[in-house]
Amino acid sequence: MRVWYQVRDLEAGRAFYTRQLGFKETYFDEEARWAKLERGAMQIAIAEGDPVEESGVATVDVDDVKAEAERLRGEGVEVGTVLELHGEMRLLDVYDPDGNRIQLAQELA
């Protein structure tokens, strides 16, 4: 499964997902203005266009959600509140420069 995000500035989007969120770019189509990125098992694609509010949400597994939240806040990235679900999982909503939501997840069990 791949989640698609629309971004207004493709270059800025590519930089955000690779630098801030640690995705690896696996394909780039300059002419059609889109890129494919992966981090672990999560695959996303970003395309130039107007962001859509009701798009899917990519979930990325991380080792330490709290540390990621602190790091991203320090880099000026918009992040939500760390949620802990019954001592089994921590979740964090992260927003790209266009307001697209990505979820970071940490299994605690």
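Report on the accompanying structure. In this text the structure is predicted, and so the values were computed from the model without any measurement.

1. Topic: the packing of aromatic side chains
Thought 1: The final tally for this structure, using the stated rule, is 5 aromatic pairs.
Thought 2: When the ring of Tyr-5 is compared with that of Tyr-17, the centres are 6.0 Å apart and the planes differ by 20 degrees; the resulting orientation is stacked. Residue Tyr-5 is found in strand E1 (residues 2–7), and its partner Tyr-17 is found in helix H1 (residues 10–20); the two are separated by 12 residues along the sequence. Residue Tyr-5 shares its accessibility class with Tyr-17, and that shared class is buried.
Thought 3: Among the aromatic residues, those joined into a ring-pair cluster are Tyr-5, Phe-16, Tyr-17 and Phe-23.
Thought 4: One residue, Arg-14, lies across the ring of Phe-28, its end atom 3.6 Å from the ring centre.

2. Some words on the pattern of salt bridges
Thought 1: Counting across every chain of the model gives 10 salt bridges.
Thought 2: When the shortest N-O distance is used, the salt bridge between Arg-33 and Glu-48 registers 3.2 Å. Of this pair, Arg-33 sits in the loop between strand E2 (24–29) and strand E3 (34–39) while Glu-48 sits in strand E4 (residues 42–48), placing them 15 residues apart in sequence.
Thought 3: Measuring nitrogen to oxygen at the nearest pair gives 2.8 Å for the salt bridge that ties Glu-68 to Arg-71. Here Glu-68 and its partner Arg-71 are both found in helix H2 (residues 65–74), 3 residues apart, which amounts to about one turn of the helix.
Thought 4: Sharing partners across several salt bridges, the network here consists of Glu-11, Arg-14, Glu-25, Glu-30, Arg-33 and Glu-48.

3. Quick look at the sheet that holds E3
Thought 1: Taken in spatial order, the 4 strands line up as E1-E4-E3-E2 in an open sheet, and their pairing is mixed. The sheet terminates laterally at E1 and E2, the two strands that pair on one side only. Taking the axes of each pair of neighbouring strands and ignoring which way they run, one obtains an average angle of 20 degrees across the sheet.
Thought 2: Where H1 meets the sheet, its contacts fall on E1, E2, E3 and E4, and the angle it forms with E4 comes to roughly 160 degrees.

4. Describing the nonpolar core
Thought 1: Residues Tyr-5, Tyr-17, Leu-21, Ile-44, Ile-46 and Val-94 are the most contacted members of the largest nonpolar core, which totals 25 residues.
Thought 2: Residue assignment for this core shows that the elements contributing at least two residues are E1, H1, E3, E4, strand E5 (58–61), H2, strand E8 (89–95) and strand E9 (101–107).
Thought 3: Those residues in contact with Ile-46 that lie beyond four places of it in its chain are Tyr-5, Val-7, Leu-10, Gly-13, Arg-14, Tyr-17, Arg-33, Trp-34, Ala-35 and Leu-37.

5. Looking at the side chain of Asn-100
Thought 1: Note that Asn-100 resides in the loop between E8 and E9.
Thought 2: Residue classification places Asn-100 among the buried residues on the basis of a relative accessible area of 3%.
Thought 3: Polar side-chain contacts of Asn-100 include one of 2.9 Å to the backbone oxygen of Gln-6.
Thought 4: One polar contact links Asn-100 to Asp-96, side chain to side chain, over a distance of 2.9 Å.
Thought 5: With sequence-adjacent residues up to four places away left out, Asn-100 is seen in contact with Tyr-5, Gln-6, Val-7, Tyr-17, Pro-51, Val-52, Ser-55, Val-94 and Tyr-95.

Rules used throughout
Residues numbered from 1 in each chain as written. Predicted model: local features only at pLDDT ≥ 70, side-chain atom pairs only at ≥ 80, totals over all residues. Heavy atoms only, no water. Phe/Tyr/Trp six-rings, centres within 6.5 Å; stacked < 30°, edge-to-face > 60°. Helix = DSSP H or I, 4+ residues; strand = E, 2+ residues; numbered from the N terminus. Buried < 20%, exposed > 50% of the residue type's maximum accessible area, 1.4 Å probe, protein only. Lys NZ or Arg CZ within 6 Å of the ring centre and 35° of its normal. Salt bridge = Lys/Arg side-chain N within 4 Å of Asp/Glu carboxyl O. Pairing = 2+ DSSP bridges. Axes fitted to C-alpha atoms, helices over the stretch in contact; angles between N-to-C directions. Contact = heavy atoms within 4.5 Å. Core = buried A, V, L, I, M, F, W, Y, C linked by side-chain atoms within 4.5 Å. Polar contact = N/O pair within 3.5 Å; in protein donor to acceptor, adjacent residues only side chain to side chain.

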